[in-house]
Amino acid sequence: MFTAQQLIERNKQSQPADFIDQAQLQSLVDSAAEPSASQLEKLMAKAEKAKGLSTEEVASLLAVEDPDKLDLLFATARKVKEKIYGKRIVLFAPLYLSNYCVNSCAYCAFHRGNKRLQRKRLSLDEVAQQVKILERMGHKRLAVEAGEDPENCPLDYVLDVIQTIYSTTDGNGSIRRVNVNIAATTVEEYRKLHEAGIGTYILFQETYHRPTYERVHPAGPKSLYDWHTTAMDRAMEGGCGDVGLGVLFGLYDYRFEVLALLAHNQHLEEKYGVGCHTISVPRIRPAQSVDLSRVVRYPVSEDEFRKIVAILRLAVPYTGLILSTRERPALRDELLSLGISQVSAASSTGVGGYEEKKEAECETAQFLPDDTRSVDQVLASICSEGYLPSYCTACYRQGRTGEHFMDLAKDGEIQTFCQPNAILTFKEYLLDYAPPSLVELGEETIARQLEGIPNQQLREETKRRLLQLEQGERDLFF
Ligand code: SF4
Ligand code: SF4
């Protein structure tokens, strides 16, 4: 087992992250001019084809300030979102395993200098208890989260947790996809995660701007920019074909961060034949022992945040965009139309936070969520906005991952599966977990979305499977 100091020595051996060209990105940001009305119309005509945009095009969109131009940008993002994703919104929940951490990230309550935080790691029994609670909430897809600590949270423990999660059931409830968000590691350890059957390996870059990265990560193994930024290369080499990127908005200029995210994605595409599977867009939230006035030097307003989501949707139409409960409910609902395709619901950011008694949460939490609605409330709101909740995990279980997934996604073929799978998995939720007040709204949603399946044969087969679910079968997917 490594000590934290040995990890730092190991991490210094990293390849350079030269695919993030700091000077070039900064000069793109500094030189980008707001496009004229006619330039924007041309750009939007191209974006509407859902083939993505170049870095220069994205730089000019990031410079848009004029309200009428923003309206056109948002309208185009809505069209592309609808074209690629239809009405489905995928649900997931985070599961925090351990808040021990040897790093010193200035924005996170788990930082090693936080003496007030109650440190805790779940035992495997506690993991099973938490999973059963999550299953009773209807969840099928988890994102496992843990601080970095080679002694208190080694990889073998994470592997045991993954096995525990997949083998823990509660009535009809089971977790069908475990995504993993743990510290950057080696190719060998990524290989073990892949072999354990993880879905997406998620690692937020936090900031791509090297001086800012070094300022907010003053010590610990994560302090080495190159090691952290090249993590996805090692993950890909270890067999993790689905990787999730993310930036913590508020640390540095959002325009630089968006361009760098796209440069990172392009690097993965060029080197491994597949870009990132998802992009997360967290904004910094208040957290215990975190002085936001020192950390947030580039606050991102809600208007800027809407623009970021819309531009990412146009730039990488086939990449899932994930929104957590960091945002307030009304804004979360609004962002569904602009590009968000996955949301968490009723999240706890504490270790053991899904206990019935919630007070443990604030003593162990990473940050404070702004959306504290129950799963039923979130689902009702998704349905009321005209969307279709989905608990689908079919691609990963059908082997449609990595490059194979992206080929299907870019051809638009994946859509064929998404809509019926969303209907079937939401029906399971209605049968097993929903209160009567949600059942009516949910059934109306399903009836409407069923008629929206263009292929008659597939529509009829979906109806047949809905009957099978009513008769007690579960886990039916295409
Ligand atoms: Fe540790 Fe991650 Fe928090 Fe940094 S962000 S202090 S690495 S848990
Ligand atoms: Fe996601 Fe695949 Fe299910 Fe579509 S069919 S929702 S892409 S897992």
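Data block above holds the structure.
Residues numbered from 1 in each chain as written. Chains lettered and ligands numbered in written order. Predicted model: local features only at pLDDT ≥ 70, side-chain atom pairs only at ≥ 80, totals over all residues. Heavy atoms only, no water.

S.K.: Before we move on, can you summarise the site of ligand 2 with the specific residues and values?
M.R.: All residues adjacent to ligand 2 are R88, C392, A394, C395, R400, F405, I414, F417, C418 and N421. The pocket occupied by ligand 2, as judged from atoms lying within 2 Å of grid points, is the second largest cavity. Elements with a minimum of two residues in the shell around ligand 2: helix 18 (394-397) and helix 20 (414-432). At four residues, helix 20 tops the list of elements feeding residues into the shell around ligand 2. Counted by class, the shell around ligand 2 contains seven nonpolar, one polar and two charged residues. (Near = heavy atom within 4 Å. 1 Å grid on protein atoms, 1.4 Å probe; cavity = no way out; pocket = protein on both sides within 12 Å on 5 of 7 lines; lining within 4 Å. Sits in = over half its atoms within 2 Å of the grid points. Helix = DSSP H or I, 4+ residues; strand = E, 2+ residues; numbered from the N terminus. Nonpolar A, V, L, I, M, F, W, Y, C, P; charged D, E, K, R; others polar.)

S.K.: Which residues make up the site of ligand 1, and what values go with them?
M.R.: Neighbouring ligand 1 are the residues C101, N103, C105, Y107, C108, F110, H111, G147, K222 and Q366. Its atoms largely coinciding with the cavity grid, ligand 1 occupies the largest cavity. Looking at the shell around ligand 1, its residues break down into five nonpolar, four polar and one charged.

S.K.: Quick rundown of a negative patch on the surface? Include the residues and the values.
M.R.: On the surface, E403, D407, D411 and E413 cluster together into a negatively charged patch. Inspection of the secondary structure puts D407 in helix 19 (residues 402-410). Owing to a relative accessible area of 46%, D407 belongs among the partly exposed residues under this scheme. (Patch = residues over 30% accessible without salt bridge, like charges linked within 9 Å, V, L, I, M, F, W, Y side chains within 5 Å. Areas by Shrake-Rupley, 256 points an atom, 1.4 Å probe, with all protein chains shown as cover. Salt bridge = Lys/Arg side-chain N within 4 Å of Asp/Glu carboxyl O. Lys, Arg positive; Asp, Glu negative; His and termini not counted. Charge placed at Lys NZ, Arg CZ, Asp CG, Glu CD. Buried < 20%, exposed > 50% of the residue type's maximum accessible area, 1.4 Å probe, protein only.)

S.K.: For the nonpolar core, give the residues involved together with the corresponding values.
M.R.: Of all hydrophobic cores here, the largest spans 155 residues; its most connected members are I165, L193 and Y429. It is helix 12 (residues 254-272) that contributes the most residues to this core, ten residues altogether. Apart from residues lying up to four places away in sequence, I165 is in contact with L95, V127, V131, L142, V144, I175 and V178. F92, A143, I202 and F204 belong to the second largest nonpolar core, which has five residues in total. (Core = buried A, V, L, I, M, F, W, Y, C linked by side-chain atoms within 4.5 Å. Contact = heavy atoms within 4.5 Å.)

S.K.: Can you explain unusual backbone geometry? Please cite residues and give values.
M.R.: Despite not being glycine, S289 shows a phi value in the positive range, around 65°. Relative to the elements of secondary structure, S289 occurs in the loop between strand 8 (278-280) and helix 13 (292-295). A positive phi is found at A346, a non-glycine position, where the angle reads about 55°. In this fold, A346 is placed in the loop between strand 10 (342-344) and helix 16 (360-364).

S.K.: Can you explain empty space enclosed by the protein? Please cite residues and give values.
M.R.: Under the defined criterion, the tally for this structure stands at five cavities of 30 Å³ or more. Approximately 770 Å³ is the volume attributed to the largest cavity. Around the largest cavity sit 44 residues that line it, and E145, N181, F204, E206 and Q366 are the ones nearest its centre. In terms of residue class, the lining of the largest cavity is made up of 24 nonpolar, 14 polar and six charged. When residues of the lining of the second largest cavity are traced back to their parent elements, those giving at least two are helix 5 (67-85), strand 1 (88-98), helix 18, helix 19 and helix 20. Counting residues per element, the lining of the second largest cavity draws most heavily on helix 20, which supplies four residues. When its residues are assigned to classes, the lining of the second largest cavity shows 13 nonpolar, ten polar and five charged. (Points joined across faces, edges and corners; volume = space filled by probe spheres on them.)

S.K.: If you had to explain the pattern of salt bridges to someone new, which residues and values would you point to?
M.R.: Scanning the entire structure with this criterion turns up 31 salt bridges. Across the salt bridge formed by E302 and R306, the nearest N and O atoms sit 3.7 Å from each other. Within this pair, E302 and its partner R306 are both found in helix 14 (residues 302-315), separated by four residues, close to a single helical turn. The partly exposed category is assigned to E302, whose relative accessible area is 25%. A salt bridge links K463 to E451; its shortest N-O distance comes to 3.8 Å. Taken together, the residues span a long stretch of sequence, with K463 in helix 22 (residues 456-470) and E451 in helix 21 (residues 436-451) at a distance of twelve residues. Several salt bridges converge on common partners, so that one network encompasses E302, D303, R306, R328 and E334.

S.K.: Explain the side chain of R465 to me, using residue names and the numbers behind them.
M.R.: Mapped onto the fold, R465 is located in helix 22. With sequence-adjacent residues up to four places away left out, R465 is seen in contact with L424, L476, F477 and F478.

S.K.: Describe the pairing of strand 7 (residues 243-246), and please don't skip the residues or the numbers.
M.R.: Along a regular strand, successive side chains alternate from one face of the sheet to the other. The alternating pattern of strand 7 places V243 and L245 on one face and G244 and G246 on the opposite face, and all of these are buried. Bridge analysis of strand 6 (residues 201-202) against strand 7 gives two bridges, and the strand direction is parallel. In the sheet register, Y201 faces strand 7, and the bridge partner there is V243. Across three bridges, the pairing between strand 7 and strand 8 is parallel. Residue pairing across strands places G246 opposite S280, the latter belonging to strand 8. (Pairing = 2+ DSSP bridges.)

S.K.: An account of helix 7 (residues 155-167) is requested, with residue identities and associated values reported.
M.R.: The terminal C-alpha atoms of helix 7, which comprises 13 residues, lie 19 Å apart, in line with the 18 Å expected from a rise of 1.5 Å per residue. Buried residues of helix 7: L155, Y157, V158, L159, V161, I162, T164 and I165, and no others. Of the surrounding elements, those touching the buried residues of helix 7 are strand 1, helix 6 (124-136), strand 2 (141-146), strand 5 (177-181) and helix 8 (187-195). (Expected span 1.5 Å × (residues − 1).)

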